[in-house]
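# Fold and geometry: a report
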Amino acid sequence: MLLEAVDGDETVVFTSAAASVQVQVEPVGRWFEAYVKRRNRTTSASFQELEDEEESEEESEDEDFQLEEYPMLRTLDPKDWKNQDHYAVLGLAHLRYKSTQKQIKVAHKAIVLKHHPDKRKAAGEQIVEGDNDYFTCITKAIEVLSDPVKRRAFDSVDPMFDNAVPSKSEGKENFFEVFAPVFERNARWSSKKHVPKLGTAESSFEDVDNFYSFWYDFDSWREFSYLDEEEKEKAECRDERRWIEKQNRASRAQRKKEEMNRIRTLVDMAYSCDPRIKKFKEEEKARKESEKKAKADAKKREQEEKERARQAELEAARLAKEKEEEEAKQAAQQAKKEKDIQKKAIKKERQKLRTTCKNWNYFADNEADSVKMMEEVEKLCDRLELTSLQSLNEILASGSREDSKAAVEKQVQEVNAQLQREREAEVQARQAARSAEQASGGGGGGGGGKGWNEEDLQLLIKAVNLFPAGTNARWEVIANYMNLHSTTGLKRTAKDVINKAKNLQRLDPVQKDEINRKAFEKFKKEHTSVATSIDNAVPSERFDGAGGDGNAAPWTTEEQKLLEQALKTYPVSTPERWEKIAAVVPGRSKKDCMKRYKELVEMVKAKKAAQEQVATKSKK
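Now for a quick tour of the structure. (Residues numbered from 1 in each chain as written. Predicted model: local features only at pLDDT ≥ 70, side-chain atom pairs only at ≥ 80, totals over all residues. Heavy atoms only, no water.)

## Remarks on the overall build of the protein chain
We count it as follows: Numbered from the N terminus, helices here are DSSP runs of H or I no shorter than four residues, and strands are runs of E no shorter than two. Classification of residues uses two cut-offs on accessible area relative to the type maximum, computed with a 1.4 Å probe and protein chains only: under 20% is buried, over 50% is exposed, and between them is partly exposed. Here, two residues are considered to be in contact whenever any of their heavy atoms come within 4.5 Å of each other. Residue exposure ignores everything except the shown protein chains as possible cover, and the areas themselves are Shrake-Rupley values with a 1.4 Å probe.
If you tally the helices and strands in the protein chain, you get 22 helices and zero strands. Here the protein chain holds 620 residues, and 28% of them are scored as buried. Contacts in the protein chain between residues far apart in sequence, at least 24 positions, make up 67% of those at least 6 positions apart. Here the protein chain has roughly 43,200 Å² of accessible surface; of this, 52% comes from carbon and sulfur atoms.

So, in structure tokens, the structure goes:
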């Protein structure tokens, strides 16, 4: 501390002071422990002061505590020492696990001075010889409580500890009053110091969450070796000792599991009864609902903005479309007006031409030439444009009869020449199309270059329908079928058949309809002729019966299905089989059904023959 300046003295600076330097010093050892204590207590006491304070507190506690005499001490059985309350034996039942080693030593000294066998013997009391005296219980008590490991084992199974878990009904009525002492009781088993408190109804969410997180991850030091039924020191051999250790480990693990289940049940019960959890959940639910509502409102506003923008775009598009339609309508009206004007002008010029030619008697001297020229004039009226008609009418109006006749004839020649050129161009186009069709249909060599008559085309269509897609070696089968049934004698290959089928597919609908029409006419003609010949002939035994005149109409798909089903229903052995089959197919007689059956049999035979021929060729 600086001395005060005396009156008359002057302060003189002899040299400049060095700059101060800040140095960071980290405490270690016992000084670090003192630093932590000062930080937790928010004091600035030194390490020695803190130690003195703790020692003084322990001394004051040692001086204040009083021993409680255990009334049942003299009745204890030394052989059952393991089931006795060691704290009660030493008179520390009121302190129990909170007793310090110094208090235990003091209590032991005091009780030994009172109950030692020599003291009692000197007082004239009868002493039991050996280890059967109750003083052995005092020896065992100090032996257990003075050893930290044995004491912890005894504290783990303290008979005075309450392991009960409050019920749900008790917790809901007085949560804090019921569960606070229970958690304080069980906090003694925590391996970690500074166990969080249950708190109050005003505790924050962080404090409550920290409390339950600690207890759900509770690390207990409680162990149950004190309850071991067998002592391995009493084993006679190593194998027996190992067996005892195994049994003890299993029983300890089972009791440890039960203890952790008890702690978990306690925490679960407290969590379910805690009114703060319910309040936090309601607040969280309200917060989520508000966020959800805000999000929904924002989404709704966004959708409304998008809808307004879309409506604006639609309105703009509608206005633009209406404007375009209006402009198009005006343009159409204008074009219509111009077209009407042009039509009227053309009509006027045509009428003027007809009138002028009529006045000149169509530049002819007889009736025949007049009619011919009249036709030519009508042709001019149909073919000439407005400007050409106006030019011709001007010549006819200003020229003489000969000049007018020459002008008309010249115009007629030009129109006829133009018509001739158009006809020639059309003929050439038709020839080119026909040539291209023949070239596309005739490729592939062999029989493909030879003509296909209507009979071959119908046979091809029939074969394509008879052998659908998926048939093995389909186009070879179709070619063989055509070679077997064709009357032209031409041999068709699979390539020829494919090319012609593609050509038929490329035909326009009109040509297809024409081919189908011709096929139907041919079918109708053949069936009509066959029916007539059959009617005129003498009926055979198979076709004789109540059939009458046959129905020459083609068989429909529905009739074909009914016939096939009837053939399955009435086998060959059925009496009057064909009469029953004809009764099933409406509109068809017995003779129609028998004839259709014969056609189907021949078709199936032809199909099998074509397929067998292709199979034979493929094997070769």
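Alright, that's what it looks like, and here's the rest.
## Here we look at the pattern of salt bridges
Spelled out, the test is: Here a salt bridge means any side-chain nitrogen of Lys or Arg lying within 4 Å of a carboxyl oxygen belonging to Asp or Glu.
Per the stated rule, a full pass over the model turns up 30 salt bridges. A salt bridge links E322 to R318, with the nearest nitrogen and oxygen atoms 2.4 Å apart. Taken together, the residues E322 and R318, both in helix α12 (residues 275–359) and four residues apart, mark about one turn of the helix. One salt bridge connects E422 with R383, and the closest N-O pair in it is separated by 3.0 Å. One end of the pair, E422, is in helix α15 (residues 401–441); the other, R383, is in helix α13 (residues 367–383), with 39 residues separating them in the sequence. Looking at E422, the relative accessible area reads 38%, which means it is partly exposed.

## Some words on the nonpolar core
Defined as follows: Only buried residues count toward a nonpolar core, which is a set of Ala, Val, Leu, Ile, Met, Phe, Trp, Tyr and Cys residues joined through side-chain atoms within 4.5 Å.
Residues L73, L90 and I138 are the most contacted members of the largest nonpolar core, which totals 23 residues. Ranked by the residues each element gives to this core, the list is headed by helix α6 (residues 135–146), at seven residues. In contact with L90, other than residues within four places in its own chain, are L67, I104, A107, H108, I111, I138, A141, I142 and L145. One finds L198, W215, W221 and L266 within the second-largest nonpolar core, a separate group that totals 22 residues.

## Details of helix α14 (residues 386–398)
Quick reminder of the rule: To estimate how far a helix should reach, multiply one less than its number of residues by 1.5 Å. Directions are taken from the helix axis to each C-beta atom, and the arc is the one they span.
For α14, which comprises 13 residues, the first-to-last C-alpha distance of 18 Å matches the rise-based estimate of 18 Å (1.5 Å per residue) to within 8%. Within α14, burial applies to L386, L389, L392, N393 and L396. Across the axial projection of α14, the buried residues extend over an arc of 130°, all falling on one side. Turned more than 90 degrees away from the buried face of α14 sit T387, E394 and S398, all of them exposed.

## Notes on the packing of aromatic side chains
For clarity, the cut-off: Only Phe, Tyr and Trp rings are paired, with Trp represented by its six-membered ring, and only when their centres lie within 6.5 Å; those with planes under 30 degrees apart are stacked, over 60 edge-to-face, the remainder tilted.
Considering all chains together, one arrives at 20 aromatic pairs under this definition. Measuring from ring centre to ring centre gives 5.0 Å for F183 and F211, while their planes differ by 75°; the resulting arrangement is edge-to-face. Placement of F183 in helix α9 (residues 175–186) and of F211 in helix α10 (residues 205–216) is noted, with a sequence separation of 28 residues between them. No difference in accessibility class separates F183 from F211, as the two residues are buried.

## Overview of unusual backbone geometry
One non-glycine residue, R96, adopts positive backbone phi at about 55°. Along the chain, the position of R96 falls in the loop between α3 (86–89) and α4 (101–115). R96 gets classed as buried once you look at its relative accessible area, which sits at 10%. One non-glycine residue with positive phi stands out, namely H194, at about 60°. Within the secondary structure, H194 is located in the loop between α9 and α10. Judged by its relative accessible area of 72%, H194 falls in the exposed class.

## Examining a negative patch on the surface
Which entries qualify depends on this criterion: Patch membership needs two things, relative accessible area over 30% and no salt bridge, and members are linked within 9 Å if like-charged or within 5 Å if nonpolar (Val, Leu, Ile, Met, Phe, Trp, Tyr). Positive charges come from Lys and Arg alone, negative charges from Asp and Glu alone, with His and the N- and C-terminal ends not counted. A single reference atom marks each charge: NZ on Lys, CZ on Arg, CG on Asp, CD on Glu.
Residues E324, E325, E326 and E327 make up a contiguous surface patch of negative charge. By secondary structure assignment, the location of E325 is in helix α12. The class for E325 is partly exposed, based on a relative accessible area of 45%.

## A closer look at the environment of W360
Mapped onto the elements of the fold, W360 is located in the loop between α12 and α13. Residues W360 and L396, 36 residues apart in the sequence, show an inter-C-alpha distance of 9.9 Å. Ignoring any residue separated from it by four or fewer positions in sequence, one finds W360 in contact with L396, S400, R401 and S404.

## Describing the side chain of R276
The test is simple: Here a polar contact is recorded for every N or O atom pair within 3.5 Å, except that within protein the pair must consist of a potential hydrogen donor and a potential acceptor, and residues adjacent in sequence are included only if both atoms are side-chain atoms.
Relative to the elements of secondary structure, R276 occurs in helix α12. One polar contact links R276 to D274, side chain to side chain, over a distance of 2.9 Å. With residues near it in sequence (within four places) discarded, R276 still touches F175, F176, L198, G199, T200, A201, S203, V208 and Y212.

## A few points about α12
Its 85 residues give α12 an end-to-end C-alpha distance of 120 Å, which sits within 8% of 126 Å, the value for a rise of 1.5 Å per residue. Listed as buried for α12 are R276, I277, F280, I346, E349, L353, T356 and C357. Buried positions along α12 lie against α9, α10, α11 (238–273), α13 and α14. Phi turns positive, to about 60°, at N361, one or two residues after α12.

## What about the side chain of D158?
Residue position: D158 is located in the loop between α7 (148–156) and α8 (168–173). In this structure the side chain of D158 is engaged in a polar contact, spanning 2.6 Å, whose partner is the side chain of R96. For D158, the side chain forms a polar contact with the main-chain nitrogen of M160, separated by 3.1 Å. Every residue in contact with D158, bar those within four places of it in the chain, is listed here: R96 and R188.

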